[in-house]
Structures are given as C-alpha cells and as structure tokens.
Amino acid sequence: MASDIVLDLRADKVIEAIKLGKRLDNRKFDEYRKLKITKNISENANGSARVLLGETDVIAGIKMVPGDPFPDTPKEGSISVGVEFLPLASPLFEPGPPRENETELARVVDRGIRESKCLDFEKLCIKEGEKVWVVFIDMYTMNDDGNLFDACSIAALSALLETKIPKLGDEYKIVKGEYSGKLHLARKPLLCTTTKIAGHLVNDACFAEEKAMEARFSVATTEDGYMAAYQKGGSGSFSPKEIDECIDLSFAKAKEIRKQL
Amino acid sequence: MSKKEEKTEYVKNGKRLDGRGTEELRPLKIEVGVLSRADGSCALEWGQNKVVAAVYGPREALPKHIQNPYKALVDYQYRMATFSVPDRKNPKPGRREMEISKVSGEALEKAIFLERFPNTTIDIFVEILDSNAGTRVAALVAASAALADAGIPMRDMVSAVGVGKAGGEIILDLNKDEEDAPDAVDIPMAILPRTEEIVLLQMDGLLTPEEWKKALKLGLKGCKQVYEVQKEALRKKYLEAEKEESEPNTETATQEEGE
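Each helix and strand in chain B was counted, giving four helices and eleven strands. Along the longest, intermediate and shortest principal axes, the C-alpha atoms of chain B span 60 × 45 × 40 Å. Taking the intrachain contacts of chain B between residues at least 6 apart in sequence as the baseline, contacts between residues at least 24 apart amount to 70%.

What follows is the structure in structure tokens.
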C-alpha cells in the first residue's frame, strides 16, 4: 500500500487529539457532523436523495423494474443494492468494477434493509411465478470524507421513503412518467457505525479519523428496538463490552437521525 | 431464503431437528499439514462442511507498489467450489465471497505479528468443498490452524463459530435447515480466545439486544470449544513429529515440516 505521508501525519494528529478527549473538529466522540438530506434530486429516478454528512456526499437513486422471480420464491419481489465509489469522490478511488470495499458496503446496507423486513417482498409481487418488482437501490459517492457506510444508509432509506411505484401497461411494460402509488415501508432501518480510535469509541469518523482507526462496528437498528445487521470491519478488535456500547450508540444515533429524515 | 409454510418446531424437549442440544456443535474434525507444497495447511470437516486451507508466506509482496514497509499484508481468499452448494455455483467469485474474504482477512490481521514481516504478503487460500451453513467460520478456523501450521508467529489462534436464532430459540452452530427458518438470525463471530477480543462479527436477521446478550455468551463458549479442537490438531501433528525426530529415522522430517 502506497503510504501517503500527509495522511499518516494527519492520522497521528487525530490519535493525539483523541487521547486528550478531543477531535480535530471539536466534535464530541459520539457527535455526528451536520446532516443535510435533499430529496428527489433526479426526476427520472423513482425515488432519490442526496446526503451530505459534513463534507461526505453521497447520492442514492431507486429504480423499480419488473423482473423474473427467483424459482424458490415465486411470489416475492426482491431488492438489489449497489454502490459505486466514483473516482470523482477521492484520489484513492479508481474507475473499474466494484472492489471489496464497495462490495462490503453495498452488502451491509442491503442486509439492513432486507433483514429489517421494512419492505414486504410479497407485496412486490406482480403476478405469481411470472413477474415481480425488483427494487434497485444504487448509490454513488460524490465526496469521501469518511463514514460512507452511514451516509449511504441514510441516502438509501431517504430515497426509499420517496419512491413511487411505476404504472404498468401491457406485457408488464412501464408507462413512462406515471405512477400507481408510493412504496410502503414498514420500518426505518438505519446503519450507525462506531469506530475505535486509540482505544476510544468514536462515531461518524471523518476521513482522517478513518485512517487512524483500529476497527469499526456497524449496527442497523429499527425504531421499534430491533437490530437487523452487524458488521465488524478493520484489523483491530472489540471487547464484548465495547460491542455492547457500540450497540447502544447505534440505537441512540439512529434515533436522532430518523428525526431528520 | 425459502420460507417454510408449515410451522416447524426447531427445538423440542431441548433437542434440535438433527438431535443436537441448543448449545451443541456439529462434529468437528481438524487435521493440519495436509498439503505438502504449502507452508501451512489444514483440512477441516464440520458437520457437512468440508474445507481445505493453505497458507503461503510470508513471501515478497508483488507488484512492489502494494508492499507495506511497516508490516505484512494479509491476502485471504475464500472460495466455494461449484459443486459445494445445492445448485451449481457460478465459478466466478461473487460479491458474497468478496465480502467474506475481506472481513476474514481483517480478523486474522489482529492475530498475526504482521510488523515482523515488512514488505511481504501472507496469502491464505480457503476452498469450500461441501457446505451446510457456517462455511465462513469453518474457513476461518481452518485458516488459523493452517497459519499456526506454517509457523507464523501469532498472538493467539483465531477461533470462530456461528450462533443465532431459529424458531425463537438462541442456538449454537446453525445448520442449513435452521438458517432457513422464517425468523432465522445468523451471527458469525470470531475471537482471540485467550483475551476474548472479537475480531469478526456479522449478523443478519431481526434480533433484540436481550437476544444478543444470550447469543454472545453462547458464541464465546462455542469459540472456546472450537479452540480446543484446533489446538488438539496441532498437538497431534507436532507431538508425533517430535516423537519421530527422537527416533533416529533418517529419511523423514525434512524441511517440509515447517517449524
């Protein structure tokens, strides 16, 4: 890994500050950056949202497409989650097919949505065994200043909450510009990530903080007290007690973010 | 993913569908040093799961620009054979394999003294030959035994187990039927057993914090049971090797034995 000296020095600064109980931008350890959600940023999308979390900037767009059901679930629709780390978002992102970081992020956001059962897959059935709705949730990074996981999760949920179901004409063809109603969400799952830096638990890490982190732990929570996904990442570890603290933080932070949706 | 129409009882009178208790592992068999060309290797059978792991390295990381002058890289490749699942798997590595490889490699990084081997890579290849739920933890258990077999210095072996929920019950080491329960929750976890540091933790399904507390306790216990089997496998190979060495047998015990 080509080591960028400036980044390494900044990471050292982050660790120095954290050890003194501070962060470089004076946030509290559990404080998120300013969140700004702009909905419906794309007319052609069935639902979309742009999320700014401090300087981190991501876009999520939804397309609902009639597709073939899986043979083992003939009356269930499905979702497909993808993320692309656009090279315009960071000097470290390169064009090309998704790599492991993108794949991990997409799959964790996918699990949070899928396992929370916020979408009733049976309601996404058009005709049993023949056609079902596939909800494509595609996310693009615009600027990476850390915590893409949470930003993408917020963007995906915001976009889903705006999603209109396209109207279908003959032979399951979509009638352009017409809609049959809104997509119903039974829950609002949100992913909140806690990072461990110099032995301290810190939320919403910016890019420099991510460079300094030992490990991270993401938890997708729902407003009715369930957890739908975990993901530990990074080469460090967590004690069982720290995991419990992360879970508490994820519930608390998701509650705050949900108010801003 | 397929939902069962009829309501199944996953635990009846303390027994599961396959006859195990709620806190019981499937039979686990580990053997190290099974591949002569690899620096370390391991064959593992865990219930129906069948896994082979090989370790190569530390060796020079190439191309040169990927080298880290401070520590070794860990390249972990989890792959499933096409015939290892009920339907033929596409041989092309999928998104799932990519994600599992990433988090498993990170889990091992904590265990290995990477800083002793700057500019090198430690390559770990794990192939799943047969599967029935819990393959990523089986792979990780095999991989860390193979690392030990390769003589790579580690803080501890990584031990792993799946824990979760089926039919409202918190159970250890879920099999495929249990993983397909309508309310199934799957929690793969890996720890460094001596310190109980958690190095891999994933979950999908709907779980409450109370259920998690139970699952965590059960998972830690399960990991430690697995740990004993791993240690036993290493003891078996190396105590035998020691015995052979003490006997003046000329042609055995070449450098292929590793450490």
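So, about the overall build of chain A. Per the secondary structure count, chain A includes five helices and twelve strands. Against the 2.2 N^0.38 benchmark of 18 Å for 261 residues, chain A shows a C-alpha radius of gyration of 19 Å, consistent with a compact globule. Taken over the C-alpha atoms alone, chain A extends approximately 65 × 35 × 30 Å along its principal axes. Within the span of chain A, comprising 261 residues, buried residues form 46% of the whole.

For the rest of this paragraph, the subject is the sheet that holds strand β4 (residues 40-46) of chain B. Residue and element names in this part refer to chain B. If you walk across this open sheet you meet the five strands as β3-β4-β5-β7-β6, and the pairing is mixed. Where the open sheet ends on each side, the last strands, each with one partner, are β3 (28-32) and β6 (73-80). Pairwise comparison of adjacent strand axes, ignoring direction, gives a mean angle of 15° for this sheet.

Our next topic: helix α5 (residues 240-258) of chain A. With 19 residues, α5 of chain A ought to run about 27 Å at 1.5 Å a step, and its terminal C-alpha atoms sit 27 Å apart, in line with that. Listed as buried for α5 of chain A are Ile243, Cys246, Ile247, Leu249, Ser250, Lys253, Ala254 and Ile257 of chain A.

Residue proline 58 of chain B is bonded to the preceding glycine 57 of chain B through a cis peptide linkage, with omega at 0°. Residue position: proline 58 of chain B is located in strand β5 (residues 49-60). The linkage connecting leucine 62 of chain B with the following residue, proline 63 of chain B, adopts the cis geometry, with an omega of -5°. Checked against the element boundaries, proline 63 of chain B lands in the loop between β5 and β6. A positive phi is found at alanine 198 of chain A, a non-glycine position, where the angle reads about 50°.

The next thing to look at is the sheet that holds strand β12 (residues 227-233) of chain A. Spatially, eight strands are ordered β10(A)-β9(A)-β11(A)-β12(A)-β11(B)-β10(B)-β8(B)-β9(B) in an open sheet, and the strand pairing comes out antiparallel. Each edge of the open sheet carries a strand with a single partner, namely β10 (200-203) of chain A together with β9 (169-172) of chain B. Within the sheet, the average angular offset between the axes of one strand and its neighbour, ignoring direction, is 20°. Two strands pair when backbone bridges link them, and strand β10 (residues 185-192) of chain B and strand β11 (residues 197-207) of chain B are joined in this way by five bridges, in the antiparallel orientation.

What follows concerns the pairing of β5 of chain B. Along a regular strand, successive side chains alternate from one face of the sheet to the other. Residues and elements named next belong to chain B. Most of β5 is tucked away: nine of the twelve residues are buried. Hairpin connection, β4 to β5: the antiparallel pair is bridged by two residues, and glycine 47 has positive phi, about 60°. Of the pairings in the sheet, the one linking β5 to strand β7 (residues 120-130) comprises nine bridges and is antiparallel in character. Paired with tyrosine 56 across the two strands is aspartate 123, which belongs to β7.

Tallying the contact residues gives 31 residues for chain A and 31 residues for chain B. Where the side of chain A that touches chain B is concerned, the elements lending two or more residues are α2 (100-115), β12 and α5 of chain A. Among the elements that make up the side of chain A that touches chain B, the one with the highest residue count is β12 of chain A (seven residues). Its residues assigned to classes, the side of chain A that touches chain B shows twelve nonpolar, eleven polar and eight charged.

For the rest of this paragraph, the subject is the environment of arginine 187 of chain A. Residues and elements named next belong to chain A. Inspection of the secondary structure assignment puts arginine 187 in the loop between β8 (174-182) and β9 (190-197). With 18 C-beta atoms counted inside 10 Å, the residue arginine 187 sits in the partly exposed group. C-alpha separation for the pair arginine 187 and cysteine 118, spaced 69 residues apart in sequence, amounts to 4.6 Å.

Attention now moves to the nonpolar core. Core analysis: the biggest nonpolar cluster contains 145 residues, and Cys152 and Ala155 of chain A together with Ala53 and Ala142 of chain B have the highest contact counts within it. Sort the elements by how many residues they give to this core and helix α2 (residues 135-149) of chain B lands first, with eleven residues. Residues within four places of alanine 155 of chain A in sequence aside, it is in contact with Ala49, Val51, Val58, Ile59, Ala60 and Met139 of chain A.

Another point: the packing of helix α1 (residues 95-109) of chain B against α2 of chain B. Residues and elements named next belong to chain B. With their axes 11 Å apart at the nearest point, α1 and α2 run at an angle of 40° to one another. Judged on the interaxial angle alone, α2 and α1 are oblique. For α1 against α2, the interelement crossing comes out right-handed. For the pair α1 and α2, contact is made by Ile100, Ser104, Ala107 and Leu108 and by Arg136, Ala139, Leu140, Ala143, Ser144 and Leu147, respectively. When the residues that make up the contact of α1 with α2 are grouped by side-chain class, the tally is seven nonpolar, two polar and one charged.

Moving on, we come to the environment of alanine 148 of chain B. Residues and elements named next belong to chain B. Within the fold, alanine 148 resides in helix α2. Distance from alanine 148 to arginine 26, taken between C-alpha atoms, is 23 Å for residues 122 residues apart in sequence. Excluding its chain neighbours within four sequence positions, the residues that come into contact with alanine 148 are Met154, Met157 and Leu234.

When pLDDT is averaged across chain B, the result is 92; 92% of the residues are at 70 or more. Here the predicted complex scores 0.89 on pTM and 0.85 on ipTM.

A separate point is the pairing of strand β11 (residues 215-221) of chain A. All names here are of chain A. With seven of seven residues buried, β11 lies mostly within the body of the structure. Residues of β11 alternate between two faces, with Ala215, Phe217, Val219 and Thr221 on one and Arg216, Ser218 and Ala220 on the opposite face, all of them buried. When β9 meets β11, the two strands line up antiparallel, connected through seven bridges. Bridge pairing in β11 links cysteine 192 to valine 219. Adjacent in sequence and paired antiparallel, β11 and β12 are bridged by five residues, among which glycine 225 carries a positive phi angle near 85°.

Parameters and conventions
Residues numbered from 1 in each chain as written. Chains lettered and ligands numbered in written order. Predicted model: local features only at pLDDT ≥ 70, side-chain atom pairs only at ≥ 80, totals over all residues. Helix = DSSP H or I, 4+ residues; strand = E, 2+ residues; numbered from the N terminus. Contact = placed C-beta atoms within 7 Å. Rg over C-alpha atoms; globule rule 2.2 N^0.38 Å. Buried ≥ 20, exposed ≤ 12 C-beta atoms within 10 Å, placed from the backbone. Pairing = 2+ DSSP bridges. Axes fitted to C-alpha atoms, helices over the stretch in contact; angles between N-to-C directions. Expected span 1.5 Å × (residues − 1). Nonpolar A, V, L, I, M, F, W, Y, C, P; charged D, E, K, R; others polar. Core = buried A, V, L, I, M, F, W, Y, C linked by C-beta atoms within 7 Å. Parallel < 35°, antiparallel > 145°, perpendicular 65-115°, else oblique. Left-handed = near helix turned anticlockwise from the far one by under 90°. pLDDT = per-residue confidence, 0-100.

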